[in-house]
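This is what each chain is made of:
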Amino acid sequence: MTAPRPLIAGNWKMNGLAASLAEAKAVAAGLGDTAARVALCPSATLVAQMAWTLKDSAVLVGGQDCHAQASGAHTGDVAAEQLADAGAKLVIVGHSERRADHGETDAAVAAKTLAALRAGLEPIVCVGETLEQRKAGDTLAVVTGQVRGSLPAELAGKAFSVAYEPVWAIGTGLTPTTPEIEDVHRAIRATLTELFGEAGRAVPILYGGSVKPSNAVEILHADEVGGALVGGASLKADDFLGIIRAL
Ligand code: PGA
């Protein structure tokens, strides 16, 4: 089984107006030759415009969340089919901010993952422990439990990735040590091969949480790290390109 092609995805979160599309354009213009697949995930309001702006580039566009249903009476929500219709190719599901702000359980995340597959989107399924869970020594149990609960069996044979994002590392400037990242990524890999057999080896496992150009070389070359999910540092093209070039 060949190593998965790394994925570097930018998560703009609730940031960005139409003027920010200039940053997306600059990412596309500066990409050059890279071993990575590169994606930007803006707010739903920008997905269609960004997809149009990047249509002749190698940069893919993704959503940040999707509803489990294809349509219906769910005011304010966005269906995976709507994201796909707007030009998205991927979607983040189960981000810890969604789990915390909207009470999303593993079962809800699994339903959203299924919705992504139904719409032909490649899901990026997020997992990660809180600081309390890490301090209690529960990191591996929590994360592998989230992987089992959030990944439906229907992912077998489909393109998807898992993003390990320690909650305490998101937006804080803190990161786990490289051996700590490797411990968790190896545990996720073992769970993936248990769930999906040999195919589980081809699933990129992204690291996310305070990735920036200055720590990207070390993180991206750690064992079982197959890319990054980047928040703050994806908002500026220069920073995001610096991370992509660290591969
Ligand atoms: P950060 O966010 O890079 O700003 O820490 C990562 C994420 O939440 O995906």
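So, here is what we can say about the structure in this document. Because the structure is a prediction, the values reported are computed rather than measured.

Counted as a void, the largest pocket has a volume near 510 Å³. Along its surface, the largest pocket is lined by 21 residues, and Lys-13, Met-14, Gln-64, Asp-65 and Arg-98 are the ones closest to its centre. Of the residues forming the lining of the largest pocket, the biggest block, three residues, is contributed by helix 4 (residues 96–101). Of the residues in the lining of the largest pocket, the class split is seven nonpolar, eight polar and six charged.

Formed by 62 residues in total, the largest nonpolar core has its most connected members in Ile-8, Leu-151, Val-162, Ile-188 and Leu-192. Excluding its chain neighbours within four sequence positions, the residues that come into contact with Ile-8 are Ala-36, Arg-37, Val-38, Ala-39, Leu-220, Gly-227, Ala-228, Val-230, Phe-240, Ile-243, Ile-244 and Leu-247. In terms of nonpolar packing, the next biggest core, distinct from the first, is built from 11 residues, Leu-7, Ala-163, Leu-206 and Leu-229 among them.

What follows concerns the pairing of strand 4 (residues 90–93). When a strand is regular, its side chains alternate between the sheet's two faces. On strand 4, burial covers both faces: Leu-90 and Ile-92 on one face and Val-91 and Val-93 on the other are all buried. In this sheet, strand 4 lies alongside strand 3 (residues 59–63) in parallel orientation, the contact comprising two bridges. Paired with Gly-63 across the two strands is Val-91, which belongs to strand 4. Handedness of the crossover joining strand 3 and strand 4 through helix 3 (residues 80–85) is recorded here as right-handed. As paired strands, strand 4 and strand 5 (residues 122–127) are joined by four bridges and run parallel to one another. Each residue of the ladder has a partner; that of Ile-92, found in strand 5, is Ile-124.

Take the pattern of salt bridges next. Going through the model one piece at a time under the given rule, you end up with 16 salt bridges. Close ionic contact of Arg-37 with Glu-122 constitutes a salt bridge, the shortest N to O distance being 2.8 Å. Placement of the pair is Arg-37 in strand 2 (residues 37–41) and Glu-122 in strand 5, with a sequence separation of 85 residues. A relative accessible area of 22% places Arg-37 in the partly exposed class. Taking relative accessible area as the criterion, Glu-122 reaches 12% and is therefore assigned buried. In this structure, Arg-186 engages Asp-223 in a salt bridge whose closest nitrogen and oxygen atoms are separated by 2.8 Å. Within this pair, whereas Arg-186 is found in helix 8 (residues 178–196), its partner Asp-223 is found in the loop between helix 9 (213–220) and strand 8 (227–230), the two being separated by 37 residues in sequence. Judged by relative accessible area, Asp-223 falls into the partly exposed class, the value being 35%. Linked through salt bridges whose partners overlap, the residues forming this network are Asp-65, Arg-98, Glu-104 and Lys-112.

Parameters and conventions
- Residues numbered from 1 in each chain as written.
- Predicted model: local features only at pLDDT ≥ 70, side-chain atom pairs only at ≥ 80, totals over all residues.
- Heavy atoms only, no water.
- 1 Å grid on protein atoms, 1.4 Å probe; cavity = no way out; pocket = protein on both sides within 12 Å on 5 of 7 lines; lining within 4 Å.
- Points joined across faces, edges and corners; volume = space filled by probe spheres on them.
- Helix = DSSP H or I, 4+ residues; strand = E, 2+ residues; numbered from the N terminus.
- Nonpolar A, V, L, I, M, F, W, Y, C, P; charged D, E, K, R; others polar.
- Core = buried A, V, L, I, M, F, W, Y, C linked by side-chain atoms within 4.5 Å.
- Buried < 20%, exposed > 50% of the residue type's maximum accessible area, 1.4 Å probe, protein only.
- Contact = heavy atoms within 4.5 Å.
- Pairing = 2+ DSSP bridges.
- Right-handed = clockwise from strand over helix to strand, strands pointing away.
- Salt bridge = Lys/Arg side-chain N within 4 Å of Asp/Glu carboxyl O.

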